Amino acid sequence: MILIQNTPAGHCFTLHTEGTTYAFWVTESGHLEHLYYGPRLHRIEGLLETQRLKSAFGPGNTIAYSEDHPALTLEVLPQETGTRGKGDYREPMVATCDHLGRRSSDLLYCSHQLHPGLGPMPALEPGQALAMPHLGDTPDPVETLEILLKDGVQGTAYHLYYTVFYAANTIGRRMVLENTSPGPLIVEKLMSAQLDLPHSAFTLTHFTGAWAREMQRGSMPLSGGLHQLGSTTGTSSNRTNPLFLLHAPKATETSGHCYGFNLVYSGNCQATVEVGAFGSTRVLQGVRPDSLATTLAPGASLATPLAVLTFSDQGFGGISRHLHGFTRHHIVRGPWQYRVRPVLINSWEAFYFDVNKDRLLQLAKRAKTLGVELFVLDDGWFGNRDSDQRGLGDWQCNLKKLPGGLKPLAEQINHLGMDFGIWVEPEMANPDSDLYRAHPEWFFEIPGIRQSLGRHQLLLDLGLPAVQDYLFEALRAILDSAPISYVKWDMNRNMTDVYSKLSPQTPEGQGALSHRYVLGLYGLLSRLTQAFPQVLFEGCASGGNRFDLGMLCYMPQIWASDNTDAHSRVALQTGYSLGYPPSTMGAHVSDVPNHQTLRLTPLATRQTVASFGLLGYELNLAHQSVSDLKAMGAHIDFYKQWRRVLQFGDFYRLEADDFPELRESTGWMSVSQDRRQAVVGLIQGLYTPNQPELRLPLRGLNPELIYRVRQLPVQHSLSTFGDLVNAVSPIKLPKDSLRLKLAERLYPVPGEQLELVASGAVLLQGGIRLHQGFMGMGYNEQVRLYPDFAARLFVLEALDN
Ligand code: DGJ
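None of the values given here were measured: they were computed from a predicted structure.

### Looking at the site of the ligand
Part 1: Residues in close proximity to the ligand total 13 residues, the closest being D378, D379, K488, D490 and D562.
Part 2: A distance of 2.7 Å separates an oxygen atom of the ligand from a polar side-chain atom of D378.
Part 3: With respect to the ligand, the side chain of R455 contributes an N or O atom lying 2.8 Å from an oxygen atom.
Part 4: Here the ligand has 290 Å² of accessible area as a free molecule, and 97% of this is covered by the chains.
Part 5: Tallied by class, residues from the shell around the ligand come to four nonpolar, three polar and six charged.

### Quick look at helix α8 (residues 465-481)
Part 1: Given a rise of 1.5 Å per residue, 17 residues ought to cover 24 Å, and the 24 Å separating the end C-alpha atoms of α8 matches this to within 8%.
Part 2: Those residues of α8 lying buried are V467, Q468, L471, F472, A474, L475, I478 and L479.
Part 3: Residues of α8 that are buried make contact with α6 (406-416), β24 (419-424), β27 (486-489) and α9 (513-531).

### Comments concerning the packing of helix α11 (residues 566-577) against helix α12 (residues 603-611)
Part 1: Across the interface, α11 lies against α12 with an axial gap of 9 Å and an inter-helix angle of 20°. Between α11 and α12, the interaxial angle falls into the category roughly parallel. Crossing handedness for the pair α11 and α12: left-handed. Between α11 and α12, the residues in contact are A566, R569, V570 and Q573 and T605, R606 and V609, respectively.
Part 2: When its residues are assigned to classes, the contact of α11 with α12 shows three nonpolar, two polar and two charged.

### Focus: a nonpolar patch on the surface
Part 1: On the surface, L742, L746 and Y747 cluster together into a nonpolar patch covering about 360 Å² of accessible area.
Part 2: The residue L746 is located in helix α14 (residues 738-746) in this model.
Part 3: A relative accessible area of 56% places L746 in the exposed class.

### Observations concerning the sheet that holds strand β29 (residues 557-559)
Part 1: Pairing is parallel in the closed barrel, where eight strands are placed in the order β22-β23-β24-β27-β28-β29-β30-β31. Strand-to-strand, the axes of this sheet are offset by a mean angle of 30°, without reference to chain direction.
Part 2: Summarising the sheet, strand β30 (residues 585-590) and strand β31 (residues 614-618) pair through five bridges and their orientation is parallel. Considered in β31, the bridge of S590 is made with E618.
Part 3: With respect to the sheet, α11 is in contact with β29 and β30, its orientation differing from that of β30 by roughly 170°.
Part 4: With respect to the sheet, α12 is in contact with β30 and β31, its orientation differing from that of β30 by roughly 170°.

### Notes on the packing of α12 against helix α13 (residues 626-648)
Part 1: Where α12 contacts α13, the two axes come as close as 11 Å, and the packing angle between them is 20°. One way to sum up the angle between α12 and α13 is to call them roughly parallel. Here the hand of the crossing between α12 and α13 comes out right-handed. Between α12 and α13, the residues in contact are L603, Q607, T608 and S611 and D628, A631, M632, H635, Y639 and L646, respectively.
Part 2: Of the residues assigned to the contact of α12 with α13, the class counts are five nonpolar, four polar and one charged.

### Notes on the environment of R739
Part 1: Among the secondary structure elements, R739 is positioned in helix α14.
Part 2: When sequence neighbours within four positions are dropped, the list of residues in contact with R739 reads K732, L733 and P734.

### Overview of the sheet that holds strand β5 (residues 94-97)
Picture the strands of a sheet paired through backbone hydrogen bonds; they go either parallel or antiparallel.
Part 1: Judged by pairing direction, the sheet is antiparallel, and its three strands sit side by side in the order β5-β10-β19 without closing on themselves. Edge strands, defined here as strands with exactly one partner in the open sheet, are β5 and β19 (294-296). Strand-to-strand twist of the sheet, defined as the mean angle between neighbouring strand axes without regard to direction, takes the value 35°.

### Regarding the pairing of β24
Part 1: When you tally the buried positions in β24, you get five out of six residues, the bulk of the element.
Part 2: Both strand β23 (residues 374-377) and β24 contribute to a ladder of four bridges, which runs parallel. If you follow F375 over to β24, its bridge partner there is F420.
Part 3: On the question of chirality, the crossover connecting β23 to the parallel β24 by way of α6 is right-handed.
Part 4: One ladder, built from four bridges, connects β24 with β27; its direction is parallel. The residue bridging W423 from the neighbouring strand is K488, located in β27.

About the criteria used
- Residues numbered from 1 in each chain as written.
- Predicted model: local features only at pLDDT ≥ 70, side-chain atom pairs only at ≥ 80, totals over all residues.
- Heavy atoms only, no water.
- Near = heavy atom within 4 Å.
- Polar contact = N/O pair within 3.5 Å; in protein donor to acceptor, adjacent residues only side chain to side chain.
- Areas by Shrake-Rupley, 256 points an atom, 1.4 Å probe, with all protein chains shown as cover.
- Nonpolar A, V, L, I, M, F, W, Y, C, P; charged D, E, K, R; others polar.
- Helix = DSSP H or I, 4+ residues; strand = E, 2+ residues; numbered from the N terminus.
- Expected span 1.5 Å × (residues − 1).
- Buried < 20%, exposed > 50% of the residue type's maximum accessible area, 1.4 Å probe, protein only.
- Contact = heavy atoms within 4.5 Å.
- Axes fitted to C-alpha atoms, helices over the stretch in contact; angles between N-to-C directions.
- Parallel < 35°, antiparallel > 145°, perpendicular 65-115°, else oblique.
- Left-handed = near helix turned anticlockwise from the far one by under 90°.
- Patch = residues over 30% accessible without salt bridge, like charges linked within 9 Å, V, L, I, M, F, W, Y side chains within 5 Å.
- Salt bridge = Lys/Arg side-chain N within 4 Å of Asp/Glu carboxyl O.
- Pairing = 2+ DSSP bridges.
- Right-handed = clockwise from strand over helix to strand, strands pointing away.

What is shown is where atoms sit, not what they do.
Right, here's the structure in full:
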């Protein structure tokens, strides 16, 4: 809801979402002064008078804005659009240089208008070969405020857009710069959003990492100066995800003021958080300036991607649920938006490049008996692709591996009762490929120097319409050639040597190439997803090197990491969960020892962890024991029954100050939208001995309802106890002996059971005290054997009365 008040002092704009309020106004000098962003204000009388800056003089050696406004110093004023050159020494939101060499800017209010929905998105290029992601249609109320600002120095125009996603408690911000000056305009920086907060008592939480360890959560208290996050890899990157939070130092999962930020963009991005000289905090988000830098001819414009801002006074949990709702309702779209996602099996860790029809069909048949619904043929099926050294780019099926092509294989898999999907990596090719030999001019390369390769690959210049057209046709031919209902779209190298051989060989001609690449990718994806709306696309970039809201506009889910180790995945998926809902996160059960870490974790734990994302399997089923296969089948049955709650429920991380004994364990909980069903996962890290007590906190339930709580059956095996078993067994069972193996089969060790009925009120306040934990003595079926990397799953269902 957007309120515009024409006060005697100036226009005041108040943007309400269901639980938040954002406000700013036009000062007498014409600047947009930020007034407030925080909990929803149901009455706004006095907002302007109480929150506006009351300057009587410019302090110390600050600069007075003008003789007419001697007390106004821009360095002190909280603004919506900071500029350079007029006395604001903090990082500016925009930086341009006009044809006269003027580098100062002064953005002043001109006019405003309201738009239903998202407001106008300018056509960036004729035919939209380069596209910014449009957000999806949605039943939630959405409206947009557009403010036109004029640069009082350079004469250019800035359209500032504020989109209010009322139910999602989110504000979207973006900007379009129009060169209304008479000469060329050099754009050095154009950010999507600026937020000036009145103090600096914040902690900055960010998500950094690398391949196989994406989304590691880190925090630092703000102090004076500039903190910069962002990526330079050409993707939104596993080095630093565009998601970040700014929050009260003592914020928890349930309490404390917390701001969340993200960007609907998949290339180089940047966020700066700056504590200014006068104690305020300025947040800027957008495309990394040197990736967007360009020269605009008179009349041309440049648009930023949408920045996403949200606030919650209910800590990290509140922020996450806002961002999850926003992503589910406004980012992901198409037939798969709310459709439960299939349980899949992927061939990669089973066979790597060594695929052939017989092996694949054998894997498929085994998978079918477990209840798997989608068979995914990963890398290795096309061209001369026996390793990552060659063949990428040649999208013809390798007929030696798959006689007759994809169609007969897909049909046989369909005949088994499963859908069929494939892996592609269209954005690049090996130099040893027919594509490169035919079209070297389509690739980013600096002529005359040795190129730097990543995974033996070069990048296609996706900003070129010819490349997009070629890829569209190549992919269309594949998707038309066989019944393919799923595509895993990979992207395995970061950018280097970004140089377009077909663009003018001048600094201007080569400007903003990585940005044009991203827009070209969006253009291609928007054509493909329109042509094949029923295909489920899953993004991937060496795992999570491009896990962002831009890709999610086209691909409802993304492979979160090449690291499938359950213990690593706990940290990783927890990191993602701060900003991305479980329905976006690909998560597979793989073999042990795990291929990335060589760690051994129990199957039950691997299945529990993967079920809090989108459950898939990625292992050779021919190498699994009968009992493990049985357990997989049982788990898939369970998952299918509960997946709507797991994929689309409200997600809670079960950390609680008043449950300190949970510290070695991670608790995750998904609650159905009607709060009648919930699934809880508890996953052990490293076991600390002699900690018998464990209480499980619960969240999101309806206090008025009565729930039946049930722990899923737990099964141990004699070998878990090692030599300790011989302390109680009447016959000796040496480790690794046949006798032990036989005894294991004859004497399964059932774990503790838990089933109870309790009110939501009791469960919310007290959680559940679990069985006494194992301590080396007195083991019986009432003892919770919960060693390193163990897990438990619980389900809750409301009773009818
Ligand atoms: C990297 C991906 O992240 C893996 O899952 C797999 O698809 C390989 N590429 C295939 O080359």
